[in-house]
Amino acid sequence: QVRLVESGGGSVRTGGSLRLSCTYSTTMFHISSMAWYRQSPENPRDLVASILANGNTNYADFAQGRFSLSRDESNNILTLQMSGLNPEDTALYYCFAMGIDLRTSWTREVWGQGTRVTVSS
């Protein structure tokens, strides 16, 4: 059983900051990578930032320099710190995890329910 729960979304003005958190729980599941995606009426569900088990991170161009992704494996929390927000960042942000079901050895992809971010000009 794998469950991801996002929080931290809200409304801010241009230039503001938000910290999104994804608290996750796993049972018989080994996470190999995690990420944040976002989706809006104008854009498909795009990758925002990802982190691998070795700690390597990858950021979308729009996130580079403004967003910071970190994972606290001890407390099972994935955090996306966002600063310098602009209206284009308005979207529903989803937490994502990929890993192996230890009972079946099958690869699984798991999504959270999403947390909404609104940035006003």
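Here the structure is shown first, and the text comes after it.
Computed from a predicted structure; not experimentally measured.

Visitor: What's the story with the overall build of the protein chain in this structure? I'm lost.
Guide: When helices and strands are tallied, the protein chain shows zero helices and 11 strands. Its helices and strands in sequence order give the protein chain the pattern β-β-β-β-β-β-β-β-β-β-β, from N to C terminus. Relative to the 2.2 N^0.38 estimate, which gives 14 Å for 121 residues, the radius of gyration of the protein chain is 14 Å and therefore close to what a compact globule would have. Counting only C-alpha atoms, the protein chain reaches 50 × 25 × 25 Å along its principal axes. Taking contacts inside the protein chain between residues at least 6 apart in sequence as the whole, the part at least 24 apart equals 57%. Per element, the accessible surface of the protein chain, about 6600 Å² overall, is 46% carbon and sulfur. Measuring between centres, the 10 positive side-chain charges of the protein chain sit 6 Å from its 10 negative side-chain charges.

Visitor: I keep staring at the nonpolar core and nothing clicks. Help me out?
Guide: One recurring pattern in soluble globular proteins is that nonpolar side chains are buried together. Counting 29 residues, the largest nonpolar core has Met34, Trp36, Leu80, Met82 and Tyr93 as the members making the most contacts within it. Apart from residues no more than four positions distant in its own chain, methionine 82 is found in contact with Gly16, Ser17, Leu18, Leu20, Arg66, Phe67, Tyr93 and Val117.

Visitor: What is the right way to read the pattern of salt bridges from this model?
Guide: Once their charged atoms are close, side chains differing in charge can pair, the charge on each being opposite to the other. This structure, assessed with the given rule, holds three salt bridges. Between aspartate 89 and arginine 38 there is a salt bridge, with its nearest N and O atoms 2.8 Å apart. Of the two residues, aspartate 89 is situated in the loop between β8 (77–82) and β9 (91–101) and arginine 38 in strand β4 (residues 29–40); the sequence distance between them amounts to 51 residues. Accessibility classification places aspartate 89 together with arginine 38 in one group, the buried group. Two residues, aspartate 101 and arginine 103, come together in a salt bridge whose shortest N-O distance is 3.5 Å. Classification of aspartate 101 as buried rests on a relative accessible area of 9%. Connected through salt bridges with shared partners, the residues Arg38, Arg66 and Asp89 form a single ionic network.

Visitor: Just to check I follow, could you spell out the sheet that holds strand β7 (residues 67–72) for this structure?
Guide: In sheet architecture, strand pairing relies on hydrogen bonds along the backbone and comes in two forms, parallel and antiparallel. As summarised here, the arrangement of the four strands in space is β1-β3-β8-β7, forming an open sheet in which the pairing is antiparallel. Looking along the sheet, the strands with just one partner apiece sit at the ends: β1 (2–7) and β7. Each strand axis lies, on average, 15° off the axis of its neighbour in the sheet, ignoring direction. The pairing of β7 with β8 spans six bridges and is classified as antiparallel. Paired with serine 68 across the two strands is glutamine 81, which belongs to β8.

Cut-offs and rules
Residues numbered from 1 in each chain as written. Predicted model: local features only at pLDDT ≥ 70, side-chain atom pairs only at ≥ 80, totals over all residues. Heavy atoms only, no water. Helix = DSSP H or I, 4+ residues; strand = E, 2+ residues; numbered from the N terminus. Rg over C-alpha atoms; globule rule 2.2 N^0.38 Å. Contact = heavy atoms within 4.5 Å. Areas by Shrake-Rupley, 256 points an atom, 1.4 Å probe, with all protein chains shown as cover. Lys, Arg positive; Asp, Glu negative; His and termini not counted. Charge placed at Lys NZ, Arg CZ, Asp CG, Glu CD. Core = buried A, V, L, I, M, F, W, Y, C linked by side-chain atoms within 4.5 Å. Buried < 20%, exposed > 50% of the residue type's maximum accessible area, 1.4 Å probe, protein only. Salt bridge = Lys/Arg side-chain N within 4 Å of Asp/Glu carboxyl O. Pairing = 2+ DSSP bridges. Axes fitted to C-alpha atoms, helices over the stretch in contact; angles between N-to-C directions.

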